[in-house]
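Residue strings, one per chain:
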Amino acid sequence: MKEQKHDKLPIDAKLLSDAIIELNISRRSVGLYPPDHPIVTESIENAFGYLKKLFELRVDITLGIAKDTLVVDEYSLDSKNPVFREFAYSLHSKGIAAVTFSSGLTKEELIALHELLTSKDSPSGKAFSECAKNKNIRHIVLTPVDFSIFRFVEGAQKFDGKTPNIWEDYVYGLLEGKLGGEEEGAILTIPPEYVASYINAAMKDDRGEEAYDRVITSYIRKKEKLNLSSESLNKFFLFIDNLNPELKSQFLMRSRSHFSKNVGEAEKIIENMTSEDFQRISRLLTENSSVIPNALKNLIDKLTSIKKTDARYFDFFYDNTAILHDIEIDGNISKLFGEDHFNVFVSEDYSKTLEKMLKSAPSGGPDPGIVKSECDEEHTDKIALEIMLELLDADSITDEEYLAIITKLSDFINVFMSTGRFEEILEIYNTLSSHALTGRFSDNASGMTKFYFHSEEFISNLIDAFMLWGRKNRDSVMRLAKALKHSLITPLLDLLTEETEPGMRKFFLSILVHIGTDVSAYAVKRLNDSRWYVVRNMLYLLRECNSRKDIPHIRKFAKHENISIRIEAMKCLLHFKTPDSVSFLKLYLQSEETDLRRNAIRLAGAYKVAEAVPYLVRIIEKKDLFGKDFYFKSEAIKALGEIGDGKTVKCLINLYNSKALFYKAGFESLKIEIFRTLDNYPYNSIRELLTLGLDSRNEEIRSISENLFSKNQPSLQKGEPDIV
């Protein structure tokens, strides 16, 4: 006869931890890969195996959910464990307060649960629980958050169109005095930092003292009956510590009446507190000593009794008793550690021997800075990554071990993304990509690269990381973007069309340009966008990606009504040196549209279009009695300087020798501009102009002329005429 199972046998902590870790791994795997993928199969098998072992101890296992904390029976699991927190939050975000796994559970039910948890479209709360039942999940009971446990009276709750938060509603009801009396003490079940954050947001100047009193009473008293305990006092001070400075002072002052009557009770509670609790409360009360009541100052005295005792070697002193790691040491023994008592127990000869030993000890040692850098988190992560990547190449590794390592690597990738370490992410991707092509584990490696690195969630998180860290690590970003190009191009183009910050737009454009010709097909599809700046950016990408095959798509925009689009199309045609590019440029150089003509002049110089020279000379020679064309003349002089056609120097000499009746300052600036742009001309063509410049009254013109003469005729002395 089989031994009957007990419903409440103790659970093995290690077994429970392993089960939750595997549940979370399998949940993530189901969210990333198809149901029949080997990674999903393996992770579900592992989670199912641990749950079966737990069912040998209990017929069912219930996990309570408190936002990011898991509770089993009356025990909370380690809230600092990121896996526990992630699994708890995945359930909490769906409005689930508890989940019960029962004996008879099947793998299909486990997969169905994970599919619900990872689906973005799944409902929450009671609807989520009903959805699970409809999927025939019979051995997993999901208990939704029950908002009826708090009896708010009419008008107490807030309705703002958002998903209700029960903790926030509770605190709001407490401040308003709208809770049922028996629910006031439930504040102890809410993390103090959350209570503080809600009160920081909700507490206003017009709230009366009753609101403060209700919160304080909820923590440390229940009506007239004393309800002080180590837990409640700790949570009260944690709550105080997380308030903003003004509210912190108000709550400490208003706690006077509550503590002044119960000092003895508070002292008894202090005796059971840990050193960490002492230190935290001592700091809080010391920082706010000017506003706290006398009763609380007594607590400070208890906590700061260590300041007159040498506590360098102990956690703290209390009632003349030394405490070392929660072990009490007799006061007489503790005195032995004092410097004054050293010679009583150590002879003079032995002291001299110790000194000799210390002097003979080798000096130096490792550089503390190097040691510190090698122990920091970034360095240790790098070493751990290198070890895991080496293990993936080991001949002795099994399929199960390979799967466990690449699962762990996904956790590392999340860390690297949150700190902008894109080089490490690329290293992982390249390693798995090579394994996907050849090797024993090509299926697992291929699945990781395809369903993880190219998943919507990963790409979204990666782009967020690019926006936060990318401009500081450009080289790494560019290489990683090149590797993941097919999944990144569309999201980057989408962001480019919406981004309003110019610096970020340039950054996105630089990534897309680095990706290269693969961007072209996507850019062409967006040329029909109604927004002019989108079309301009797509033309820019086609040019920078050297997409010559798309010239027919580009050409039609050379006559677009928007000048910015027209100029960008013109740049593309000049870049690809199409036969019609010069025709369009000549047309623009004669345009009456100021912006179009100005940009055409600049493009003629930038692309050194020799055919544009007559049109530029015409701009310079144009009569301008009223100085309206000074700007265009200046731009034309610069463009001719870029082209460097010696035949145009005569035009420049004529301009230099001419006289101005009006706007002499503007005319003088044109003369200076002529000499600033002479570097690209053949020397023989500008000798006459340089000779004129040597006699100029303008110091800059004279200096430029002297430098150009010296550079081309080293033997020529300053002021000496050029003899041919």
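Residues numbered from 1 in each chain as written. Predicted model: local features only at pLDDT ≥ 70, side-chain atom pairs only at ≥ 80, totals over all residues. Heavy atoms only, no water.

Side note on the overall build of the protein
- Looking only at helices and strands, the protein features 38 helices and 10 strands.
- Evaluated residue by residue, the protein yields a buried proportion of 45% over its 724 residues.
- Contacts spanning at least 24 positions in sequence make up 66% of the contacts within the protein whose residues lie at least 6 apart. (Helix = DSSP H or I, 4+ residues; strand = E, 2+ residues; numbered from the N terminus. Buried < 20%, exposed > 50% of the residue type's maximum accessible area, 1.4 Å probe, protein only. Contact = heavy atoms within 4.5 Å.)

Observations concerning the nonpolar core
- Residues F101, F453 and F458 are the most contacted members of the largest nonpolar core, which totals 156 residues.
- When residues in this core are grouped by element, the largest group, 9 residues, is from helix α20 (residues 399-418).
- If near-sequence neighbours (up to four positions away) are discounted, F101 is found in contact with L23, L51, F55, V59, D60, I61, L63, L110, L113, H139 and I140.
- Membership of the second largest hydrophobic core comes to 30 residues, among which are Y170, V171, L174 and I199. (Core = buried A, V, L, I, M, F, W, Y, C linked by side-chain atoms within 4.5 Å.)

Examining the pattern of salt bridges
- Within the structure shown, the criterion is met by 26 salt bridges.
- With its nearest N and O atoms 3.3 Å apart, the salt bridge here joins E593 to R566. Of the two residues, E593 is situated in the loop between α31 (581-589) and α32 (594-606) and R566 in helix α30 (residues 563-576); the sequence distance between them amounts to 27 residues.
- Classification of E593 by relative accessible area gives partly exposed; the value is 34%. (Salt bridge = Lys/Arg side-chain N within 4 Å of Asp/Glu carboxyl O.)

A closer look at the confidence of the model for the protein
- Residues of the protein with pLDDT of at least 70 account for 72%, and the chain-wide mean is 78.
- Low pLDDT (under 50) marks residues 1-9, which in the prediction has 11 contacts with non-local residues, meaning those over four places away or in another chain.
- Residue range residues 222-226 is modelled with pLDDT below 50. Its contacts to residues more than four positions away, or to other chains, number 6 contacts. (pLDDT = per-residue confidence, 0-100.)

Examining the pairing of strand β4 (residues 96-102)
- Extensive coverage of β4 is indicated by the burial of 6 of its 7 residues.
- Relative to β4, strand β1 (residues 60-66) runs antiparallel, the two being bridged by 5 bridges. Paired with I61 across the bridge in β4 is F101.
- With 5 bridges connecting them, β4 and strand β5 (residues 140-144) associate as antiparallel partners. Residue pairing in the sheet places T100 in a bridge with V141 of β5. (Pairing = 2+ DSSP bridges.)

Points about the packing of helix α21 (residues 422-437) against helix α22 (residues 442-453)
- Between α21 and α22, the least distance of the axes is 7 Å, while the angle of their chain directions is 135°. Relative to α22, the element α21 lies oblique. Crossing hand, α21 versus α22: left-handed. Together, I425, I428, Y429, L432, S433, H435 and A436 of α21 and S442, A445, S446, M448, T449 and F453 of α22 make up the contact between the two elements.
- Tallied by class, residues from the contact of α21 with α22 come to 8 nonpolar, 5 polar and no charged. (Axes fitted to C-alpha atoms, helices over the stretch in contact; angles between N-to-C directions. Parallel < 35°, antiparallel > 145°, perpendicular 65-115°, else oblique. Left-handed = near helix turned anticlockwise from the far one by under 90°. Nonpolar A, V, L, I, M, F, W, Y, C, P; charged D, E, K, R; others polar.)

Notes on the side chain of K94
- With respect to the element layout, K94 can be found in the loop between α3 (82-92) and β4.
- Residues within four places of K94 in sequence aside, it is in contact with L116, L117, S119, S122, P123, S124, G125 and F128.

Concerning the environment of E699
- Looking at the secondary structure, you find E699 in helix α38 (residues 699-712).
- The exposure class assigned to E699 is exposed, which follows from its relative accessible area of 63%.
- E699 sits 27 residues away from I672 along the chain, and the two C-alpha atoms are 9.8 Å apart.

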